Amino acid sequence: MDFQINKNIINMGSLEVITGSMFSGKSEELIRRLRRAKYAKQKIVVFSPSIDNRYGEKGIYSHGNESLEAYSVNSVNQMEEIMTENIDAQVIGIDEVQFLGEDVVKFCKKYVEYGKRIIVAGLDMSFRAEPYHPVPELMSISDRVDKLNAICTVCGKPAYASQRLINGEPAYYDDPLVMVGASENYEARCRRHHIVKYKKEEKGKILFIIGTEINVGKEEVEKNYRENIFKDKKCETLVIKSRINEFEENKSLVSTVDFSLIDLRNKIEKAVNENDYVFIRIIGGLLLPLEGYYSILDFICEYRKKSEIVIVSKNKKGLLNQVLLTVDLLKKSDLNIEKIIYKNGAEEKEYEEVIQEIKDITHLKYEIIN
Ligand SMILES: [Zn+2]
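Residues numbered from 1 in each chain as written. Predicted model: local features only at pLDDT ≥ 70, side-chain atom pairs only at ≥ 80, totals over all residues. Heavy atoms only, no water.

The number of helices and strands found in the protein chain is nine helices and 18 strands. Going through the 370 residues of the protein chain one by one, you find that 45% of them count as buried. For the protein chain, contacts bridging at least 24 residues in sequence account for 75% of all contacts bridging at least 6. A total of about 19,900 Å² of accessible surface is found on the protein chain, and carbon and sulfur atoms cover 49% of it. (Helix = DSSP H or I, 4+ residues; strand = E, 2+ residues; numbered from the N terminus. Buried < 20%, exposed > 50% of the residue type's maximum accessible area, 1.4 Å probe, protein only. Contact = heavy atoms within 4.5 Å. Areas by Shrake-Rupley, 256 points an atom, 1.4 Å probe, with all protein chains shown as cover.)

Structural data, given as structure tokens:
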């Protein structure tokens, strides 16, 4: 991971930033680079705002199995004081740099100009998944940035941000930084599983209704939801169709207008704010283009965190592969499938064992309706 220091520019300073979410190994990487410099008999000075010693005191700073001697500091002024006695240091390491405020940017610029190699490690984003200043500023003036990934504790994919949990639940955006009497911890999470809650829960829930073929009975399924399941809830229906329409589906109860992608997003946002539930009925296959080459599936993915999907299939012989294909596509896109509904029609029905088989393969709930 280290770049070779060119002997001709040995006296030029440089700034390296190691960033990423919690549990991504930033401190280990910082210690590794510092130790490497130490082996090369370079003088290093290390600052850490997080160790328990009295400020300004030199102590052992450790992370995982790694440890180094470091100065415990809580301000850039203290770092400046320590630097007066260590001005011959060639390498400066700073851990948890996000806690040192904007003055640390000036500090880094100054000592880079003095010819020091500075290596900083810190969080690039807060638990709210917003930039954690001054790390973005340091990244932009650095010679090198390494953004490390932790692993999402929910799904095992590369993590994107640090999830704050209070009593095991995702924290609210404006929860105070210290919660008295609450148990608090952090986990690494991917984009899908990183959740920031808002006190004003404005949002209605979106239900995408997707058919495995045309005229499967999506409208009846939706009607059933409105009349039986969401009886006293405020609902609205929107219809989305591909720009390529091979078949004209049954004229729906709702007038279908061709919206641009931007209008569509605005319409959905408005509907979500004004209703308890918003049905979005999809006309045309998931992979068909909505606008340009942006597919219906791409569009659904925009609502991944606030939607569920209901798959509607005709209950007729030979549905197995079609249903599995649809489920597979949705799962690979990390979408939440609520259930599969099989609509009985005039055709010969599929064996119940086949439907049970799909349940065993997909682990999805199902329902058969007339
Ligand atoms: Zn995840």
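With that settled, the discussion passes to the coordination of the zinc ion. Within the first shell, the zinc ion binds the protein through Cys152 (SG), Cys155 (SG), Cys190 (SG) and His193 (ND1), at distances of 2.1 to 2.3 Å. The site at the zinc ion holds four donor atoms, and with the angles between them running 98 to 116°, its shape is tetrahedral. Spacing between the donor residues of the zinc ion along their common chain follows C-x2-C-x34-C-x2-H. By relative accessible area, which is 6% here, Cys190 ends up buried. Residue His193 is classed as buried on the basis of its relative accessible area of 15%. (Donors = N, O, S within 2.8 Å, 3.2 Å for Na, K, Ca; no water. Tetrahedral: all angles 85-135°; square planar, octahedral: opposite > 155°, others 65-115°.)

Space inside the second largest pocket adds up to approximately 540 Å³. In terms of lining residues, the second largest pocket is bounded by 23 residues, among which Met22, Gln98, Phe99, Leu123 and Tyr132 are the most central. Elements that contribute at least two residues to the lining of the second largest pocket include exactly helix H1 (26–39) and strand E10 (184–189). Top element by residues in the lining of the second largest pocket is H1. It accounts for three residues. Classifying every residue of the lining of the second largest pocket gives nine nonpolar, seven polar and seven charged. Built from parts of two domains, the lining of the second largest pocket gets at least three residues from each of domain 1 (7–148) and domain 2 (149–198). (1 Å grid on protein atoms, 1.4 Å probe; cavity = no way out; pocket = protein on both sides within 12 Å on 5 of 7 lines; lining within 4 Å. Points joined across faces, edges and corners; volume = space filled by probe spheres on them. Nonpolar A, V, L, I, M, F, W, Y, C, P; charged D, E, K, R; others polar. Domains from an automatic or database assignment.)

As summarised here, the arrangement of the three strands in space is E9-E8-E10, forming an open sheet in which the pairing is antiparallel. Looking along the sheet, the strands with just one partner apiece sit at the ends: strand E9 (169–170) and E10. (Pairing = 2+ DSSP bridges.)

Burial of strand E16 (residues 307–315) is extensive: eight of the nine residues sit out of reach of the surface. Sheet topology note: the strand E11 (residues 205–211)/E16 ladder contains six bridges and is parallel. Paired with Ile209 across the strands is Val310, a residue of E16. One ladder, built from seven bridges, connects E16 with strand E17 (residues 337–344); its direction is parallel. The residue bridging Val310 from the neighbouring strand is Lys339, located in E17. Chirality of the crossover, the property in question, places the unit of E16, helix H8 (residues 320–332) and E17 among those that are right-handed. (Right-handed = clockwise from strand over helix to strand, strands pointing away.)

Per-residue confidence for the protein chain averages 87 on the pLDDT scale, and 89% of its residues sit at or above 70. Note on residues 252–256: pLDDT is under 50 here. Beyond four places in sequence and across chains, it has eight contacts. (pLDDT = per-residue confidence, 0-100.)

Looking now at the packing of aromatic side chains. The final tally for this structure, using the stated rule, is twelve aromatic pairs. Here the aromatic rings of Phe208 and Tyr303 are separated by 6.3 Å at their centres, their planes lie at 55°, and the arrangement is tilted. With a gap of 95 residues between them, Phe208 in strand E11 and Tyr303 in the loop between helix H7 (296–301) and E16 connect regions that are remote in the sequence. Accessibility expressed as a relative area gives 0% for Phe208, which makes it buried. Since its relative accessible area comes to 8%, Tyr303 is described here as buried. These aromatic residues form a ring-pair network of at least three members: Phe47, Tyr71, Phe107, Tyr111 and Tyr114. The side chain of Arg128 reaches across the aromatic face of Tyr173, ending 4.7 Å from its centre. In this arrangement the basic side chain of Lys317 is found over the ring face of Tyr351, its NZ or CZ atom lying 4.1 Å from the centre. (Phe/Tyr/Trp six-rings, centres within 6.5 Å; stacked < 30°, edge-to-face > 60°. Lys NZ or Arg CZ within 6 Å of the ring centre and 35° of its normal.)

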